[in-house]
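# Structural characterization, general
Chain residues, written in single-letter form:
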Amino acid sequence: MAKNLVIVESPSKAKTIEKYLGKDFRVTASMGHVKDLPESELGIDIEDNFKPKYKMLKGKKKVIDEIKKLAEHSDKIYLAPDPDREGEAIAWHIAEMIKNKKIYRVLFNEITKKGIEEGIKKPGEINMQRVNAQQSRRILDRLVGYKVSPLLWKPIKFGLSAGRVQTVALRLIVEREEEIEKFVPKEYWVLTGIFDISGQQIKSKLEKIDNKKAELSSEEDVKKVLNILGKDVGKVENVEKKEVLQSPYPPFITSSMQQEAIRKLGFTAKKTMMVAQQLYEGVDIDQTGPTGLITYMRTDSTRVSDTAVKDAKNYILKEFGESYINRSDRVFKSKAEKVQDAHEAIRPTDIFITPESIKNSLTPDQYKLYKLIWERFIASQMADAVFERTTVDISVKNITFRAVGKIVKFQGFLKLYDESSEDLENEDQQLLPDVKNKEIAIPQKYEPRQNFTTPPYRYSEASLVRALEQKGIGRPGTYANIISTIVERGYVEVKDKKFHPTELGRFVIKLLLKNFFKIFEVGFTAEMEHKLDEIEDGKIDWIELLKEFYKSFSEDVENADKNLTLSLKTDIKCPECNQSFLTIKYGKNGFFLACENYPDCSFTSNFTRDEHGHIILTDTNNNFEETDILCEKCNSKMVIKRSKFGEILTCPKYPECKNIKNFIRGKDGSIVVIDKNYAIDEKCPECGGELQLKKGRNGLFIGCKNYPVCKFTSNYSIDENGRILPKEKPKVEEFNCEKCGKKMVLKRSRRGSFFACSGYPECKNTVPAITKEDGTISPKK
């Protein structure tokens, strides 16, 4: 039995660390958190100074028993979860459960031989201020989640959630959408002048009129300028050449890594953090074994160790030459108001482990992210890029045109790395000929172009991360979870990589802001993050913070519970009674409009929104599609109505006559009524029996009449002649489970298709499925 026990939270991290420690150390993993607040109750004793009622997590008893057993036979116990608030809380909970006096807290900022040996040499105690900061966040989030979420269940549906930070993120998306909808484009014109100077053409833009900035807001303004210009010859008024330096970007912090991985690699924030965690904890490298490749990936500091800077400069000298080395020591300033500076920036643990040298040992995603981190760090220590910027002013009468050119004189860091951008407005650059003052400029032509101002861009995942960081909402390590939650809850949709709020998201925000404006206000949320930092710094007491918060919060909850409205009033008059206004309500088929004067007025309608967010009534309760199909029970012409199961064929006299039928539409729009076990003109491909169109829990499908002897099933399709046929089974991509290596198989549920491990129930890994453009069903990346 080893004398010393090291406890981390991850098996892969344990494997890497054990490689560097000698036979006197045993390394084991807690598999993440071991305790948390209970799921089935609030779990906080508000009267007893907000004392949390932690419980052992389900399935952790065996892990804890093993840790206790190892701890009994160990001289020293080193708690080494991640060096952040969550890691400190994990260490504290483990210490409480094993109750050994010889417990030390160690921090590994990088999982390398050097990083681990330095951590073991400097053991300390658990930082209770950091633990209390984590507890405060957890309790605040639990109070908001458990007290506010149920208020959404009555007007909307069970299972919806409100979060202290996620709701503010949703608010940003909804308010940005409202900005876009309210935006009124303004017309403006750009006038381009093409001049011949000494036989060489220069393209320029209208800059000034009478030495004032030119503004063309209409075609009339353009015509006036063109009339003044006429065919007069101009001259070069000013030539300015200026050397411009562009400094490299700082090494990654958590938020900038997420943004760049989203833009350059197409990752999500969640995926970026998952892959970064793998690179930090260690990857099996050929002939080396488990190796931690990057420093800790949850950081807001751009600080870098002197050793890393020295190694980077040595590499740059060897690979690029002396001219590419930055001569001075770079100090990057953070854009954030408060930086914890607990860890270095995200960088490679060993500069000389290049991405290409270990490509075969990494997964494609690990390679892409490691390459991004490695190149960003090396580039941060390279020389500035040098440009020559030339500006040429050409005057015709009292009108000035300007041409701008920019050429690269020295690539510097751009030889290795350039940051991507979502900014679509780039300066019109060109290579300008060598011209001199007072030279004649002969106009070749003038090209006016009409433009309109554009609304602000919808948030992408990268720009939302940037906005959260700039506004101080949440911590970078929580952004991935915030974004995935609002998507999974159905509050937003992702279209063309941009966030669009759903009607549910709009409704939730309006309802919450109406009752809890303060706690979901951007400034208040940012201030709370600052106070959590102050708890960690020991500047304020965490219990006092919770008391101060709960005093006003509990009053808001009480008022909301009494006065909560089940609908949102619109400014649209009811078209039926013409007296009351319509309200947005939620029913079993989703959101709809109803008269606020219900039950005196029973008008209802579905609705959509136009590009300006205005509500448009679609299917009202008096609006349905008539057919020529007669109801065999009452002889009325049946109608098509919409239900939560889709379109149905029903008797217009419902509920007096409850005749309802399934149907499908042919390609020509004709209606085919589907009676029970509707026979189709095809034979079963497996047994030759008769095929029938049947109704199942997931809709209509084709099955064999000889069931259960023959279990052939298929989706249906309609050919160009209107025949119902079995649908060809799609091609399914084959791949193995990333957890156990067994084959993944396609399965279907009420929620759609997904891949599940064939090793179930031993391995319960599942992956959502998507259908590609060629029809292949593949795992969702």
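The residue numbering used here restarts from 1 in each chain and proceeds along that chain's sequence as written. pLDDT decides what is reported in this predicted model: residues at 70 or higher carry local features, side-chain atom pairs at 80 or more are listed and counted, and totals for whole chains, interfaces and linings draw on all residues regardless. Each side-chain value is derived from all of the structure's non-hydrogen atoms; neither hydrogens nor water enter the calculation.

### Some words on the pairing of strand 30 (residues 678–683)
Here, strands pair whenever DSSP counts at least two bridges between them. Elements are defined by DSSP. Helices are runs of H or I of four residues or more, strands are runs of E of two residues or more, and each kind is numbered from the N terminus. Across 3 bridges, the pairing between strand 30 and strand 31 (residues 690–696) is antiparallel. Within strand 31, the residue paired with Tyr-678 across the bridge is Leu-693. Linking two consecutive strands that pair antiparallel, namely strand 30 and strand 31, is a turn of 6 residues; a positive phi of about 80° is found at Gly-688 within it.

### Focus: the packing of aromatic side chains
Stacked, edge-to-face and tilted labels apply to pairs of Phe, Tyr and Trp rings (six-membered ring for Trp) whose centres lie within 6.5 Å, assigned for plane angles under 30 degrees, over 60, and everything in between, in that order. Throughout the structure, instances matching the rule amount to 23 aromatic pairs. Centre to centre, the rings of Phe-320 and Tyr-324 are 6.0 Å apart; their planes meet at 45°, and the pair counts as tilted. Ring-pair connections join several aromatic residues into one group, and the members of that group are Phe-50, Phe-516, Phe-520, Phe-524, Phe-549, Tyr-550 and Phe-553. Cation over ring: Lys-406 sits above Phe-387, and NZ or CZ is 4.3 Å from the ring centre. Should the NZ of a Lys or the CZ of an Arg lie within 6 Å of a ring centre and within 35 degrees of the ring normal, that charge is described as sitting over the ring.

### Quick look at a nonpolar patch on the surface
Exposure above 30% relative accessible area and the lack of any salt bridge qualify a residue for a patch; like charges then connect within 9 Å, and the nonpolar side chains Val, Leu, Ile, Met, Phe, Trp and Tyr within 5 Å. Surface exposure here means Shrake-Rupley accessible area, sampled with a 1.4 Å probe, where a residue is shielded only by the protein chains that are shown. For this analysis, a salt bridge means a side-chain nitrogen from Lys or Arg found within 4 Å of a carboxyl oxygen belonging to Asp or Glu. Residues Val-233, Ile-440 and Ile-442 make up a contiguous nonpolar surface patch of roughly 260 Å² in combined accessible area. By the secondary structure assignment, Ile-442 is in strand 17 (residues 440–452).

### Considering the environment of Gln-259
Mapped onto the elements of the fold, Gln-259 is located in helix 8 (residues 254–265). Residues Gln-259 and Leu-172, spaced 87 residues apart in sequence, show a C-alpha to C-alpha distance of 17 Å. Note on definitions: a residue-residue contact is assigned when non-hydrogen atoms from the two residues lie within 4.5 Å. In this structure Gln-259 touches Ala-462, Val-465, Arg-466 and Glu-469, once residues within four positions along its chain are discounted.

### Some points on the pattern of salt bridges
If you walk through the whole model with that rule in mind, you get 46 salt bridges. Linking Asp-533 and Arg-85 is a salt bridge whose minimum nitrogen-to-oxygen distance equals 2.6 Å. With Asp-533 in helix 15 (residues 522–536) and Arg-85 in helix 3 (residues 85–98), this residue pair connects regions lying 448 residues apart in the sequence. For the pair formed by Asp-533 and Arg-85, the shared burial category is buried. Between Glu-243 and Lys-409 there is a salt bridge whose closest N-O contact spans 3.6 Å. Linking Glu-243 in strand 12 (residues 234–246) with Lys-409 in strand 16 (residues 399–410), this pair joins segments that are 166 residues apart in sequence. Since its relative accessible area comes to 51%, Glu-243 is described here as exposed. With a 1.4 Å probe rolled over the protein chains alone, any residue whose accessible area is under 20% of its type maximum counts as buried; one over 50% counts as exposed, and the rest are partly exposed.

### As for the nonpolar core
We call a set of buried residues a nonpolar core when its members are Ala, Val, Leu, Ile, Met, Phe, Trp, Tyr or Cys and they connect through side-chain atoms within 4.5 Å of each other. Within the largest apolar cluster, 74 residues are counted, with the highest numbers of intra-cluster contacts made by Leu-152, Val-508, Phe-516, Phe-520 and Phe-553. Beyond its immediate chain neighbours, meaning those up to four positions away, Leu-152 contacts Lys-157, Leu-160, Ser-161, Ala-162, Tyr-491, Val-508, Leu-511 and Leu-512. In terms of nonpolar packing, the next biggest core, distinct from the first, is built from 65 residues, Val-309, Ile-373, Trp-374 and Ile-378 among them.

### A look at helix 1 (residues 11–20)
By the burial criterion, the buried members of helix 1 are Lys-13, Ala-14, Thr-16, Ile-17 and Tyr-20. Summarising the axial view, the buried residues of helix 1 lie within an arc of 165°, below the 170-degree limit, and thus occupy one face. Looking at the packing, one finds that the buried side of helix 1 touches strand 1 (4–8), strand 2 (25–29), helix 4 (113–121), helix 9 (269–281) and strand 14 (289–291). Regarding the arc, it is the one traced by the directions from the helix axis to the C-beta atoms.

### A short note on the sheet that holds strand 30
Strands sit in the order 30-31-32-33 across an open sheet of 4 strands; the sheet is antiparallel. Each end of this open sheet is capped by a strand with a single partner; those strands are strand 30 and strand 33 (713–714). In the sheet, strand 31 pairs with strand 32 (residues 699–704) via 6 bridges, with the strands oriented antiparallel. Pairing of Lys-695 across the sheet is with Leu-700, part of strand 32.

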